[in-house]
Amino acid sequence: MFNRLREDIASIRERDPAARNSWEVLTCYPGLHAVILHRWAQACWKADLKWLGRFISQVGRTLTGIEIHPGATIGRRVFIDHGMGVVIGETAVVGDDSTIYQGVTLGGTSLAKGAKRHPTLGRGVIIGAGAKVLGGFTVGDGAKVGSNAVVTKEVPAGATAVGNPARIVERNAVPSGREQAAARLFAAYGVMPNGDDPLSKALHGLINQVATQEQQLEAVLAALQGAGIGCRRLEEAGQFDAAQLNRLVD
């Protein structure tokens, strides 16, 4: 028990630059408190002390603002950062070295008792603030879910999912080893550099292309006028404002 506690504290200090020392983590981090209480609740749940397990879970929810069903499986070195409003359902599985931010729901979409209703997170998964992962599918090792995304389908290992409904932005190879995973895969709140929504990228590309074509048409019109060939000015037909449309897309 104490070995796992030391492991949890060390993991939090690695991933949170605001953590100054182990005592601060032990006494002031609700995510750590919620995980510890969940271990007690799950032990009761597995011993067929269902009510006691649910009661301990309710105490943890009251003290930390994090609700973890005692039937859920939480791996080693899981970091629930800030944590307020996190909900983890009964059949959810959270893999080792995963990071979950505030407002996350690992929820179910089925009412069938005894079925796998909640998601399974692989190793090193990052779920950004406010994200909802709903259903009995798998989020692969090293995957990232951006803040406020709504995920209802499987996310491949190493991929980044953003948006509502979530779309896959990029797929990266999953490095081996916990140290490599921490160094290469960690991204605060599931945000990656240049990890824009693919739909937004496509729209911006089209806008830039139209703006380039407009400049080329202006050059052609100027050349025609210089040659003494009269034609209606582009401005008279209503000029395309690429900057304004870019602002609307943003």
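Before reading further, recall that the structure is shown in the block above.
Reading guide: rules and limits
Residue positions are counted from 1 within each chain, in the order its sequence is given. This being a predicted model, a pLDDT of at least 70 is required before a residue's local features are given, and a value of 80 or more before pairs of side-chain atoms are given or counted; all residues contribute to the totals for chains, interfaces and linings. The side-chain values count all of the structure's non-hydrogen atoms but skip hydrogen atoms and water molecules. All axes here are fitted lines through C-alpha atoms, helices being fitted over the stretch that makes contact, and every angle between N-to-C directions spans 0 to 180 degrees. The secondary structure listing takes helices from DSSP runs of H or I that are at least 4 residues long and strands from runs of E that are at least 2 residues long, numbered from the N terminus. Small angles under 35 degrees read as roughly parallel and large ones over 145 as roughly antiparallel, with 65 to 115 read as roughly perpendicular and the rest as oblique. Contacts are residue-level and defined by heavy atoms, with any inter-residue pair within 4.5 Å sufficient. Three categories are distinguished: nonpolar for Ala, Val, Leu, Ile, Met, Phe, Trp, Tyr, Cys and Pro, charged for Asp, Glu, Lys and Arg, and polar for the others, with Gly belonging to the last. When a carboxyl oxygen of Asp or Glu lies within 4 Å of a side-chain nitrogen of Lys or Arg, that pair is called a salt bridge. Computed over the protein atoms alone on a 1 Å grid, cavities are sets of points where a 1.4 Å probe fits but cannot get out and pockets are open sets with protein on both sides within 12 Å along at least five of seven lines; a residue lines them when it has an atom within 4 Å of a point. Grid points are joined across faces, edges and corners, and a volume is the space filled by probe spheres set on the points. Pairing between strands is defined by DSSP: at least two bridges between them are needed. We call two N or O atoms a polar contact when they sit within 3.5 Å, provided that within protein one can donate a hydrogen and the other can accept it, with sequence-adjacent residues counted only if both atoms are side-chain atoms. Note on convention: the crossing is left-handed when the near helix lies turned anticlockwise from the far helix by less than a right angle, right-handed when the turn is clockwise. In this scheme, a residue with accessible area under 20% of its type's maximum is buried, one over 50% is exposed, and one in between is partly exposed, where area comes from a 1.4 Å probe on protein chains only.

Caption draft 1: Representation of the packing of helix H3 (residues 30-46) against helix H4 (residues 50-64) within the structure. Contact pair H3 / H4: the axes reach a minimum separation of 7 Å and the direction vectors enclose 170°. Classed by the angle they form, the pair H3 and H4 counts as roughly antiparallel. Along its contact with H3, which presents Pro 30, His 33, Ala 34, Leu 37, Trp 40, Ala 41, Cys 44 and Trp 45, the element H4 presents Lys 50, Leu 52, Gly 53, Arg 54, Ile 56, Ser 57, Gly 60, Leu 63 and Thr 64. Residue classes in the contact of H3 with H4 are distributed as ten nonpolar, five polar and two charged.

Caption draft 2: Local environment of the pattern of salt bridges. Here the structure, examined in full by the defined rule, presents nine salt bridges. Across the pair Arg 39 and Asp 8 runs a salt bridge whose closest N-O atoms are separated by 2.6 Å. Linking Arg 39 in helix H3 with Asp 8 in helix H1 (residues 2-15), this pair joins segments that are 31 residues apart in sequence. Residue Arg 123 is joined to Asp 97 by a salt bridge in which the shortest nitrogen-to-oxygen separation is 3.2 Å.

Caption draft 3: View of empty space enclosed by the protein. Using the criterion set out here, one finds one cavity of 30 Å³ or more in the structure. If you add up the space inside the largest cavity, you get close to 60 Å³. Counting residues per element, the ones that place at least two in the lining of the largest cavity are H3 and H4. Looking at the lining of the largest cavity residue by residue, the class counts come to six nonpolar, three polar and one charged.

Caption draft 4: Inspection of the sheet that holds strand S2 (residues 73-74) at higher detail. One open sheet accounts for four strands, arranged S2-S5-S8-S11; its pairing is parallel. One side of each edge strand has no neighbouring strand; the edge strands of this open sheet are S2 and strand S11 (138-139). In this structure, strand S8 (residues 120-121) lies alongside S11, joined through two bridges in parallel fashion. In the strand pairing of S11, Thr 120 is matched with Thr 138.

Caption draft 5: Representation of the sheet that holds strand S1 (residues 67-68). The parallel open sheet is built from five strands, whose spatial order is S1-S4-S7-S10-S13. Only two strands of the sheet have a single partner each, and these edge strands are S1 and strand S13 (150-151). When strand S4 (residues 87-88) meets strand S7 (residues 105-107), the two strands line up parallel, connected through two bridges. Bridging from a neighbouring strand, Val 87 pairs with Thr 105 of S7.

Caption draft 6: Quick peek at the side chain of Thr 64. Tracing the chain through its elements places Thr 64 in helix H4. A distance of 2.6 Å separates a polar side-chain atom of Thr 64 from the backbone oxygen of Gly 60. At 3.1 Å, the side chain of Thr 64 and the backbone nitrogen of Ile 66 are in polar contact.

Caption draft 7: Region of the structure containing the packing of H1 against H3. Here H1 crosses H3 at 155°, and the two axes come no closer than 11 Å. Classified by the interaxial angle, the pair formed by H1 and H3 is roughly antiparallel. Every pair of crossing elements has a handedness; the one defined by H1 and H3 is right-handed. Where H1 abuts H3, its residues Arg 4, Leu 5, Asp 8, Ile 9 and Ile 12 lie against Leu 32, Val 35, Ile 36 and Arg 39. Residues that form the contact of H1 with H3 fall into these classes: six nonpolar, no polar and three charged.

Caption draft 8: Structural view of the pairing of strand S14 (residues 159-162). Where burial is concerned, the two faces of S14 agree: the one with Ala 159 and Ala 161 and the one with Thr 160 and Val 162 are both buried. Of the pairings in the sheet, the one linking strand S12 (residues 144-145) to S14 comprises two bridges and is parallel in character. Each residue of the ladder has a partner; that of Val 145, found in S14, is Ala 161.

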